[in-house]
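The chain contents come next:
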Amino acid sequence: MDLHRLTAHELSDRLKKKEATPEDIFSSLQKRLAETEGKVKAFVRLADGRLGQIRRTPPQLHGRNAGLLSGIPVCIKDNICTEGLATECCSRILAGFKPPYDATVIRRLHEAGALVLDAKTNMDEFAFGSSTENSCFGPTHNPWDLDRVPGGSSGGSAAAVAADETILAVGSDTGGSIRQPASFCGVVGMKPTYGRVSRYGLIAFASSLDQIGPFAKDVHDCALLLEAIAGHDPMDSTSADIPVPDYTKSLGKDIKNIRIGIPREYFVEGMDPEVKTIVTEAIEKLKSLGASTHEVTLAHTQYAVPVYYIVATAEASSNLARFDGVQYGLRVKASRMIDMYKRTRGEGFGAEAKRRILLGTFALSHGYYDAYYLRALKVRTLIKNDFDKIFKQFDCIVTPTSPTPAFTIGERAQDPLQMYLSDIYTISANLAGIPGISVPCGFTKKKLPVGLQILGKPFDEETLIRTAHAYEQKTRWNKTRPSL
Amino acid sequence: MEYEPVIGLEVHVQLETRTKVFCGCLTDFGAEPNTQVCPVCLGFPGSLPVLNKTALEYSIKVGLALNCAIQGFTKFDRKHYYYPDLPKNIQISQYDLPIAKDGYLDIGVNGQTKRIGIRRAHLEEDAGKLIHRGNASLVDYNRTGQPLLEIVSEPDISAPEEAYEYLTDLKSVVEYLDVSDCDMEKGSLRCDANISVRPRGTKELGTKSEIKNLNSFKAVRDALQYEINRHLELKAAGEQIVQETRLWDEKETKTLSMRSKEEAKDYRYFPEPDLPPFTIDKSRIGEIRKTIPELPKEKMRRFMKDYGLTLYDARLLVISKNTSLYAEERLKAFPSKDKKPVANWLIGPMAQEANSRNKELADIPVSPAALNEIIGLVESGQISNLAAKTVLTEMIDSGKNAGTIVREKNLVQISDESALATEMEAVIKENPKVVGDFKAGKENSIMFLVGQVMKRTKGKANPKIVRDMLKRRLTDA
């Protein structure tokens, strides 16, 4: 039996029944990797195309989630710190950086009994991008069509799950970096509410937008992984001290009387006609399951992209100031200190990182702050208010995850603005801090997956899981796997 | 035209919390370099700051003691600049919502009280220390992330001497609060000065210079005087003053230009997204207010009232918390209602002993009873003032009591006229000119003769008796 093809909950059953061991699962993954990773390139720094040793830290079953993910392999995006294991954000500037500590999510995964894989997944440098092309290690290929991008920035994590090279994966989402690649790769991905999962150990892109979240083959697994990593962390002042529910209790519930808002602004020009048809059918399916749908308005949607690219780049320019060659990572020597800074940063950062640092630095500069950053914060509040208003009457909002299916490698690489627009449906959730899930909802004629995005109230991931699971049970799009 | 200086001071006080302001590292002074560090204060990727509650409470305490309004709603901001002692190249500070604002400190100027406004006090993290060795520069990050409270005065200070007084009083207040040792040598108190001059009586501020690298209160005073003179000379020569930052060179006793306004940095402040804004409870502020002890000004007034001290004496005795506690213990224990002798001893011989030993007055091991004993011996005429100082020195060195020292050193004052007559006659004989002066009406010259007798008796003679004897002897003759 190909254990790597199974989900975490299926594997958990087998482990409990002693029909398989964690070693069996791991060797199944290794075998799979040997066949597919040469084509997909989901992982970085892999020695001879194989998974390394399972992380040396033995499972340290502890606390609320002890044993929740016992023996289940999980792989980690290259921007989440793993003690003693290189974490480089796929950037030359962090070459050789081995964090002296584990991120809180890694600690939580260990406590839940998961096997954190000794291999990190590919991403756009510092999560700057929507295609995983901006990686110093080269692009990851979409398992459904190797000429296409897997989406980004967590493209490696999404592709690894889609290609059955891992059972679960962890990514980060600042403007859609989990949901959009999940949509492109035909897997489930969730950005939890801002503050739901600790950011301690996540190398920051934009601190007020970043959130760590799960990738999985189905909604059930997504719920398990979310439960394992969620919860208050005293090391992160922005993490919320709100109890974590048992998300699996939201599985298998019907969605009768669930009130769904369909934002009119999300179904306009720029959307691929096939995506429009597929998503419209998905909405009809939700209705047939008993949910009610109504057109709603998110009036400030058109400002989301500009607001996002001011807030996100401003914070990024600040967060990336620390990469200077003094303590860790790349150092390009020079006779004067200022030249060491300039050369290290000049050679260490890729083009998109430089572009964002420049944009953000400009937005925060004396004389421009009020016109850009402060104004962006005000519009951000308006965008948040739009959602608050809708959530007074509706339980969730349904939209496409991305206006198009996966595009081809190189297609948008030279056009940053076109690239930025591929996050048009996802970034509002980051600006508003609300949770969002992408769940597979069909395929285009070219057999490219399309994702359905469900957005919910702050800290109400349960409704997202419930709705997505009900839909998944009826449609089973996730059962179709890419042929590699 | 007559000009007046306009001075504002920025004082950084290192708050003495057990752990750093945004992480759990210890703040012990003098630890081995880079032993009190963690991913957070080293600014490692992925690490996040968490505010130290005690640092916030200390800041509020100082704000209240400086009569400031405490912000109900406050936040932290990021200040950006590149320097290897700043691991994130970001300093977490406060920009537009400082914890405390709009306060004041009353200082004494020529016997008058002058009120110096406090514009703001805000909490921020300290940077590390650079150590230069030959061609290499090393960084010690132990200090990185220690809590600093920056206290900014209004430009209400109009003379270097006032700046000195302001710093002395500010240090004294902060020290009383037990939130910092305010030791400039250790760097736990640092000061930058802003100075400009303007025609006396006008309101508009002149072009200022900012002086850095001020390592003592004296340096502040000297540098300000130097800068005032420099500004005035430029004015007199009809030259423009440029806005710039200048460094005080202690050895050359002059300021040198460091950077001009055109080169000034753009710090690109923006709200720290890793630390959400927060509110400070009114009730919590009330609780902190209750922990503020009697402050130097109040204590000074009480010393004057309770112990009948002069303003001058009282001010000296409340200058630091330890000094005031030490003094009050001795003032209280003195049996007589007139406490003047105790104050004189504390400010005089005991302070000198402390100085010469490079110690604080409070570290001088003379118990209230021992001090009373010395004063008693002097007042009863058993030892001279001069001998009493010898007793004090010996007491501190050996720990023996006054009686023993007087006996061992044979310091008992000679008040017996017959025992002093021989020495007196010898002195008269040796100094005919001085004797002549006295007789000619120069009354003060008798003191020289008294001194000579004291010398011959190794300080044991009772000077009052010697004086009387001499007076009688030379007037009668």
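Coordinates for the structure precede this section.
Caption draft 1: The interface of chain B and chain A, seen in detail. Each partner contributes residues to the interface: chain B has 30 residues there, and chain A has 37 residues. The contact between chain B and chain A buries some 2800 Å² in all, and 58% of this surface belongs to carbon and sulfur atoms. At the junction of chain B and chain A, the tally comes to 1 salt bridge. Among the ionic pairs, Arg-199 of chain A bridges to Asp-274 of chain B, the shortest N-O distance being 3.0 Å.

Caption draft 2: Focus on the state of the cysteines. Applying the stated criterion across every chain, the model contains 0 disulfides over all chains. Not engaged in a disulfide, the cysteine Cys-441 of chain A finds its nearest cysteine sulfur in Cys-396 of chain A; these two sulfurs lie 14 Å apart. Free cysteine: Cys-182 of chain B, not disulfide-bonded; nearest cysteine sulfur from Cys-191 of chain B at 12 Å. Judged by its relative accessible area of 1%, Cys-182 of chain B falls in the buried class.

Caption draft 3: Representation of the sheet that holds strand S5 (residues 188-191) of chain A in the model. All names here are of chain A. Strand order in the open sheet formed by 11 strands is S1-S3-S2-S4-S6-S5-S10-S11-S9-S7-S8, with mixed pairing between adjacent strands. On the outer flanks of this sheet lie strand S1 (43-44) and strand S8 (292-296), each paired with one strand and no other. As judged from the 2 bridges shared by S5 and strand S6 (residues 211-216), these two strands associate in the antiparallel manner. From the neighbouring strand, Gly-189 faces S6, where its bridge partner is Phe-215. In this fold helix H6 (residues 219-229) packs onto strand S4 (168-173), S5, S6 and strand S10 (436-443), with an angle of close to 145° to the strand it touches most, S6.

Caption draft 4: Fine view of the side chain of Asp-233 of chain A. Residue and element names in this part refer to chain A. Considering the arrangement of structural elements, one finds Asp-233 in the loop between H6 and strand S7 (259-263). Arg-107 provides the closest opposite charge to the buried, salt-bridge-free Asp-233, at an N-O distance of 4.4 Å. Beyond its immediate sequence surroundings of up to four residues, Asp-233 is in contact with Thr-104, Arg-107, Arg-108, Ser-198, Tyr-200 and Ser-239.

Caption draft 5: Main features of the environment of Ala-223 of chain A. Residues and elements named next belong to chain A. Here Ala-223 is to be found in helix H6. Each C-alpha atom of the pair Ala-223 and Glu-462 lies 8.7 Å from the other, and the pair is 239 residues apart in sequence. Here Ala-223 is in contact with Tyr-247, Thr-248 and Ile-465, once residues within four sequence places are set aside.

Caption draft 6: Quick look at the packing of helix H9 (residues 368-379) of chain B against helix H10 (residues 385-398) of chain B. Residues and elements named next belong to chain B. The N-to-C vectors of H9 and H10 enclose an angle of 160°; their axes lie 9 Å apart at closest approach. Relative to H10, the element H9 is oriented roughly antiparallel. Note that H9 runs across H10; the crossing there is right-handed. Between H9, through Ala-370, Ile-374 and Val-378, and H10, the contact on the second element is made entirely by Asn-385, Ala-388, Val-391, Leu-392 and Met-395. In terms of residue class, the contact of H9 with H10 is built from 7 nonpolar, 1 polar and no charged.

Calculation criteria
Residues numbered from 1 in each chain as written. Chains lettered and ligands numbered in written order. Predicted model: local features only at pLDDT ≥ 70, side-chain atom pairs only at ≥ 80, totals over all residues. Heavy atoms only, no water. Contact = heavy atoms within 4.5 Å. Buried area = accessible area lost by both parts, 1.4 Å probe. Salt bridge = Lys/Arg side-chain N within 4 Å of Asp/Glu carboxyl O. Disulfide = S-S within 2.5 Å. Buried < 20%, exposed > 50% of the residue type's maximum accessible area, 1.4 Å probe, protein only. Pairing = 2+ DSSP bridges. Helix = DSSP H or I, 4+ residues; strand = E, 2+ residues; numbered from the N terminus. Axes fitted to C-alpha atoms, helices over the stretch in contact; angles between N-to-C directions. Lys, Arg positive; Asp, Glu negative; His and termini not counted. Parallel < 35°, antiparallel > 145°, perpendicular 65-115°, else oblique. Left-handed = near helix turned anticlockwise from the far one by under 90°. Nonpolar A, V, L, I, M, F, W, Y, C, P; charged D, E, K, R; others polar.

On their own, these measurements won't tell you what the molecule is for.
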